[in-house]
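Summary of the model geometry
Chain by chain, the residues run as shown.
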Number of protein chains: 2
Amino acid sequence: MTAPVTTPVTTAPAALAAEALIERHRPALDRALEAIRSREYWSPHPEHPKAYGEGGNGTPGSLSAEQGQAAFDALRGSRFELDGQPGTGGWASSEVSPYGLEMGIEYPRPDLDVLLPAMREAMPAWREAGPQVRAAVCLEILARISARTHEFAHAVMHTSGQAFMMAFQAGGPHAQDRGMEAVAYAYAEQTRTPEAAAWSKPQGKRDPLDLSKHFTAVGRGVSLLIGCNTFPTWNSYPGLFASLATGNPVLVKPHPRAVLPLALTVRIARDVLAEAGFDPNLVALAAERDGEGIAKELAVRPEIRIIDYTGSTAFGDWLEAHARQARVFTEKAGVNTVIIDSTDDYKGMLGNLAFSLSLYSGQMCTTPQNLLIPRGGIATDVGEKSYDEVVGDLATAVGKLLGDDARAHALLGALVNPQVRERVESAPALGEVALAARSLDHPDFPGATVRTPVIVKLETAEPGAEAVWSEECFGPVSFAVAVGSTSDAVALLRRTIRDKGAMTVGAYTTSPDAERMIEDACLDECAQLSLNLTGGVYVNQTAAFSDFHGSGGNPAANAALCDTAFVADRFRTVEVRRPA
Amino acid sequence: MTAPVTTPVTTAPAALAAEALIERHRPALDRALEAIRSREYWSPHPEHPKAYGEGGNGTPGSLSAEQGQAAFDALRGSRFELDGQPGTGGWASSEVSPYGLEMGIEYPRPDLDVLLPAMREAMPAWREAGPQVRAAVCLEILARISARTHEFAHAVMHTSGQAFMMAFQAGGPHAQDRGMEAVAYAYAEQTRTPEAAAWSKPQGKRDPLDLSKHFTAVGRGVSLLIGCNTFPTWNSYPGLFASLATGNPVLVKPHPRAVLPLALTVRIARDVLAEAGFDPNLVALAAERDGEGIAKELAVRPEIRIIDYTGSTAFGDWLEAHARQARVFTEKAGVNTVIIDSTDDYKGMLGNLAFSLSLYSGQMCTTPQNLLIPRGGIATDVGEKSYDEVVGDLATAVGKLLGDDARAHALLGALVNPQVRERVESAPALGEVALAARSLDHPDFPGATVRTPVIVKLETAEPGAEAVWSEECFGPVSFAVAVGSTSDAVALLRRTIRDKGAMTVGAYTTSPDAERMIEDACLDECAQLSLNLTGGVYVNQTAAFSDFHGSGGNPAANAALCDTAFVADRFRTVEVRRPA
């Protein structure tokens, strides 16, 4: 079975020799390995748009802003062909830009009975390549993606609704960082066991028992990536590269409304794989029509042995329950809390929170939803502030931050789908409105739905209020919840994490006792905590190589991006032993 | 919640100071960490019975053979108290020695609503102790177990039916090695991320963004260990110590017929934990009456977040399907194959196979079941041998090996339960008998059921034969299956692994082509392969720190003992970040 597959690799000289790829990417791999151990700041992918393109300063061959725009425009209204991907059973076009831009791109729908066996066929040669070559190929794919960051930025913007700069950074360098981080973890883990070992067991006066042992990292099987609408690259690259680097073919099933960023990714991956002498079917695309729901069919196919999923809790739970032939990694919904106990930088706190609530219209899995504030007020550097004052001042801060329309558009982006708009519109029915949503017209995209955040006041003593704040309300809606005390807030935090999960927890306090209490709650309930953020770091942002995204230990997600547990079970080690 | 629990730790000085424990055990931990990286031979636990006791040579304070026997005898017919284990709801006595020895020991049955909350309460202080202290405490537990290896040997012998020497080695040093291996993996993984990091992100001309980050390894919750009848310590110690070392309390639910070895383990663990100033409820025992089936109730309790299980495929599958609140590690049944293609040491091959089939009456999850032999015969160093000759010579080799009764008893042990005896007795109905089982009377234990192995001839061309060999026939029954060719054997091997799973694969061949074909099959289907074993290493034995037990990638088991995947998901890393 393996012979015919490996033959082309050994006979046809690859355009990209393995040695050259290793030489090119080994330094970055080593640096990434160091970063995930030290957790210090590091990123090889520049954040600034001007760092790309001929006029740029360091990424030769990369697309400039103009070239990226042109490349994106050329894709619109066309059929997105993937050279040689077998088993295409028709074409699907399902994207709707949240900015109203006409996309009209058709993508291949798979014939699974043709495609999946072809992907499995690609495994033995990929296995034989070994962890270092696989890592180098993955980093070459990331390098080519990085060179086209401007093109990806438009693709992410017009599928997720993120503002351009955020689409550029989160969809570009930050996503690429997360992909490289996964490659580093995968490489570290696969090389923990040596390729070979000599084993010699003493037998007293008799000769020792001598064995020669060989260890091979072996992928589990085809890995299914189920992408999401809001972060098509950022949430997908960890799973994609973790699986590919550990020897598994990856079938990419994008969200029907956010296909292009992943289709581009698949095309680049296939190009690199083919140039490096491997079967391009190690990465393939499975597009679908909106509402078709092929993920359910795919997820329980026996060939699928790994699944990465970001999306609703309902479907994540379904996957965990039904796709039992696969190892399932899920990021689902959660309810994120910020406890406001006290602060020595009231203005900084308000500004930081206002930004967190506004960024991408609160459509991040990490955006705070419930702000727990003692109804007796809080101590600050500018005196005691009552609950009403805190909420009012926060509303003012959000209003100021978004007062300038250009700045508001650059922060908010567009609402990703009509359900989010409906949630914003029905928020006033949930309680007293401290800050009402404002509708903005986008200067460049008249079809964009843009809303500023809503803040609703709730009171724990009120019957029915808990039913409101204890459910995820995805989008720019947050609840300023009046609580009896910080202790009550911590008790509510514990319950919320345990029952609903949380991707992030934030807290503001100057009290060591309160800080300890909040930390203990997060340690006990397993949630990531950001304390007293008042500057340019926000609770909803994490940095690859340093921060863990989610904990994997509460209902919001069963995995963290990225740690060893995220990669270690994607491959198994097969041992062959024989007398020495 | 954490304060009252941690108070005793900080106020009452522990009899065993953490520093002293670390000093005592750090060298072994370092050596173990080195061994799991090099995979070279290493074991800190002596295999020879004379290495223990006052007359022994290197384990001061350990029990001698006589002391171990006396300690075991003193336990029989008594109530096994566990000082301070809360929530005991009655007592259970269910053990039946396969040697017919009256056990009559009563063990505590748990009141889960009392015991499980008490175990959870113990977590925060155990978490705060950190990975190094937890590792040192675990290694102290193992050292105390090691000192009582003679006592454990009798306990394992009279619950599993293993012969004394095997119970001593596999139930003693080999099990302790596997426990220490798990501690090493757990420590390595928890210390991969630093406790703290300074993160500084450049901002061009502005000040950098500076954060201080703290990372804490946090256990998932109560870990449930479901023990098995045949290897009560060996199959349990990896999961027990992996969970404990990663911060989780462990509830030990032994097989109702093999309680004593794990009850002793729990008692020692509780003693060490208490002496080290920790809550002894970090390790507790849940005994039950035979047939009571409390594992089903326990497995789905919300407090249970990790499960380790060794046993039947049916219950393993049930656990994977139903205990979805927990991370479930299972070792289930498989069908192990040996392919006999050719050999340059015919006599060595026959002797090695005869030993593998006889050891512990074939009651190991690693014992070969199907011997695939080309019906046209095989090439050997002593000429061509027909299928009939190979089978006949193997039968003769087994007969010779077990010809001396004393030696036979030392190898075979006793049948663990009546189901195995029934299987042996009904084997002749399955095909032509090449070697019939012989019943032996045990000189010391007249109640022991002792049988020599049966070998049954089967023929792939025969209708219905596949139904026989393709199911696990646990016990001393093997099938000599006549196949068309080595290629046919490899095809059958692939199918067997894929459909039924395999803990081990063996093969004999002098042909590089056949060897490559067999290796590829094992790599593709993810099974551990032993080639051309003709000396003192057997396909059914693995060595801790070097060999992986199972692959975790085929239906026989979803985990391997021991690798990173076995430990990495037992804890999560919680990050707390704040402005620097």
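Residues numbered from 1 in each chain as written. Chains lettered and ligands numbered in written order. Predicted model: local features only at pLDDT ≥ 70, side-chain atom pairs only at ≥ 80, totals over all residues. Heavy atoms only, no water.

Attention now moves to the overall build of chain A. A tally of helices and strands in chain A yields 20 helices and 19 strands. By principal-axis analysis of the C-alpha atoms, chain A measures approximately 80 × 70 × 45 Å. Taking all 580 residues of chain A together, the buried fraction comes to 64%. For chain A, the accessible area works out to roughly 19,400 Å², and carbon and sulfur atoms hold 51% of it. When the 51 basic and 70 acidic side-chain charges of chain A are each reduced to a single mean position, those positions are 7 Å apart. (Helix = DSSP H or I, 4+ residues; strand = E, 2+ residues; numbered from the N terminus. Buried < 20%, exposed > 50% of the residue type's maximum accessible area, 1.4 Å probe, protein only. Areas by Shrake-Rupley, 256 points an atom, 1.4 Å probe, with all protein chains shown as cover. Lys, Arg positive; Asp, Glu negative; His and termini not counted. Charge placed at Lys NZ, Arg CZ, Asp CG, Glu CD.)

Geometrically, a pair of aromatic rings is defined through the distance of the ring centres and the angle of the planes. Here the structure, examined in full by the defined rule, presents 30 aromatic pairs over all chains. Measuring from centroid to centroid gives 5.7 Å for F231 of chain A and Y360 of chain A, while their planes differ by 90°, and the two rings are edge-to-face. Of this pair, F231 of chain A sits in the loop between β5 (222-226) and α9 (237-245) while Y360 of chain A is found in the loop between α13 (346-358) and β11 (370-374), placing the two residues 129 residues apart along the sequence. Given the relative accessible area of 8%, F231 of chain A is considered buried. Arranged with centres 5.5 Å apart and planes meeting at 75°, the rings of Y52 of chain B and F168 of chain B form a pair that is edge-to-face. (Phe/Tyr/Trp six-rings, centres within 6.5 Å; stacked < 30°, edge-to-face > 60°.)

Glancing now at the relation of the copies chain B and chain A. Each copy of the sequence occupies a distinct position, and chain B is placed on chain A by a rotation of 180° and an axial shift of 0.0 Å, giving an RMSD of 0.0 Å. Seen this way, the second copy is the image of the first under a two-fold rotation axis. Closest approach to the rotation axis within chain B is made by the C-alpha atom of A565 of chain B, at a distance of 3.2 Å. With an isologous cut-off of 70% or more, the 100% of interface residues of chain B that recur at the interface of chain A puts this contact in the isologous class. (Least-squares fit on C-alpha atoms with pLDDT ≥ 70 in both. Contact = heavy atoms within 4.5 Å.)

Let us now look at the interface of chain B and chain A. At the junction of the two partners, chain B supplies 82 residues and chain A supplies 82 residues. In this assembly, chain B packs against chain A so that about 6,600 Å² is buried in total across both faces, 48% of it on carbon and sulfur atoms. At the boundary of chain B with chain A, the tally comes to 20 salt bridges. The residue R516 of chain A makes a salt bridge to E128 of chain B at a minimum N-O spacing of 2.8 Å. (Buried area = accessible area lost by both parts, 1.4 Å probe. Salt bridge = Lys/Arg side-chain N within 4 Å of Asp/Glu carboxyl O.)

This part covers the confidence of the model for chain A. On average, residues of chain A score 95 in pLDDT, and 97% of them are at 70 or above. A low-confidence stretch, residues 1-12 of chain A (pLDDT under 50), is modelled with 14 contacts involving residues beyond four sequence positions or located in other chains. (pLDDT = per-residue confidence, 0-100.)

Before going further, it helps to spend a moment on unusual backbone geometry. Of the consecutive residues L561 of chain A and C562 of chain A, the connecting peptide bond is found in the cis state with omega at -10°. Here C562 of chain A shows up in the loop between β18 (529-531) and α20 (564-568). The phi dihedral of S361 of chain B is positive, around 50°, even though this residue is not glycine. For C526 of chain B, which is not glycine, the phi dihedral falls at a positive 65°.

Residues and elements named next belong to chain B. Here helix α6 (residues 149-160) crosses helix α7 (residues 164-171) at 120°, and the two axes come no closer than 8 Å. Seen from above, α6 lies across α7 with right-handed handedness. Judged by residue contacts, T149, H150, A153, H154, V156 and M157 of α6 engage F164, A167, F168 and G171 from α7. Residue composition of the contact of α6 with α7, grouped by class: six nonpolar, four polar and no charged. (Axes fitted to C-alpha atoms, helices over the stretch in contact; angles between N-to-C directions. Left-handed = near helix turned anticlockwise from the far one by under 90°. Nonpolar A, V, L, I, M, F, W, Y, C, P; charged D, E, K, R; others polar.)

A few words on the side chain of H25 of chain A. All names here are of chain A. With respect to the secondary-structure elements, H25 resides in helix α2 (residues 18-38). Owing to a relative accessible area of 9%, H25 belongs among the buried residues under this scheme. Leaving out residues up to four positions away in the same chain, H25 has contacts with A136, L139, E140 and A143.

This part is about the pattern of salt bridges. Side-chain pairing between opposite charges can occur once the charged atoms of the two side chains come close. All names here are of chain B. Tallied over the full model, the rule gives 84 salt bridges over all chains. Among the ionic pairs, E106 bridges to R79, the shortest N-O distance being 2.9 Å. Note that E106 is positioned in the loop between β1 (88-92) and β2 (107-110) and R79 in the loop between α3 (65-75) and β1, a separation of 27 residues in sequence. Take E106: its relative accessible area is 29%, and that puts it in the partly exposed class.

Looking now at the sheet that holds β5 of chain A. All names here are of chain A. Taken in spatial order, the five strands of this open sheet run β7-β6-β5-β8-β9, and their pairing is parallel. A strand with exactly one partner marks an edge of an open sheet, and here the two such strands are β7 (283-285) and β9 (327-331). Neighbour-to-neighbour, the strand axes of the sheet open up by a mean angle of 15°, direction not taken into account. Sheet strands in contact with helix α10 (residues 260-275) are β6 (250-253) and β7, and its direction is about 145° off that of β7. (Pairing = 2+ DSSP bridges.)

A separate point is the sheet that holds strand β19 (residues 571-579) of chain B. Reading across from one edge, β12(A)-β15(A)-β16(A)-β11(A)-β10(A)-β17(A)-β18(A)-β19(B)-β4(B)-β3(B) is the order of the 10 strands in this open sheet, with mixed pairing throughout. Two strands bound the open sheet, and with one partner strand each, they are β12 (432-435) of chain A together with β3 (196-203) of chain B. Across the sheet, the axes of successive neighbouring strands diverge by a mean angle of 25°, strand direction being ignored. As paired elements, strand β17 (residues 505-508) of chain A and β18 of chain A share three bridges and run parallel to each other. Each residue of the ladder has a partner; that of A507 of chain A, found in β18 of chain A, is L531 of chain A. In the packing of helix α19 (residues 512-525) of chain A onto the sheet, the strands contacted are β10 (337-340), β17 and β18 of chain A together with β4 (206-219) and β19 of chain B, and the crossing angle to β19 of chain B comes to about 150°.

Quick look at the pairing of strand β3 (residues 196-203) of chain A now. Every other side chain in a regular strand lies on the same face of the sheet, so the side chains alternate between the two faces. All names here are of chain A. Of the two faces of β3, the one lined by A197, W199, K201 and Q203 is fully buried and the one lined by A196, A198, S200 and P202 carries no buried residue. Inspection of the sheet shows β3 paired to strand β4 (residues 206-219) by seven bridges, in the antiparallel sense. For A198, the partnering residue across the bridge sits in β4 and is S212. Hairpin connection of β3 to β4: two residues between the antiparallel strands, including G204 at a positive phi of 60°.

For α10 of chain A, which comprises 16 residues, the first-to-last C-alpha distance of 23 Å matches the rise-based estimate of 22 Å (1.5 Å per residue) to within 8%. Following α10 of chain A by one or two positions, G277 of chain A has its phi on the positive side, about 90°. (Expected span 1.5 Å × (residues − 1).)

Attention now goes to the environment of G383 of chain B. Tracing the backbone through its elements, the reader meets G383 of chain B in the loop between β11 (370-374) and α14 (387-401). For the pair formed by G383 of chain B and I340 of chain B, sequence separation is 43 residues and the distance between their alpha carbons is 15 Å.

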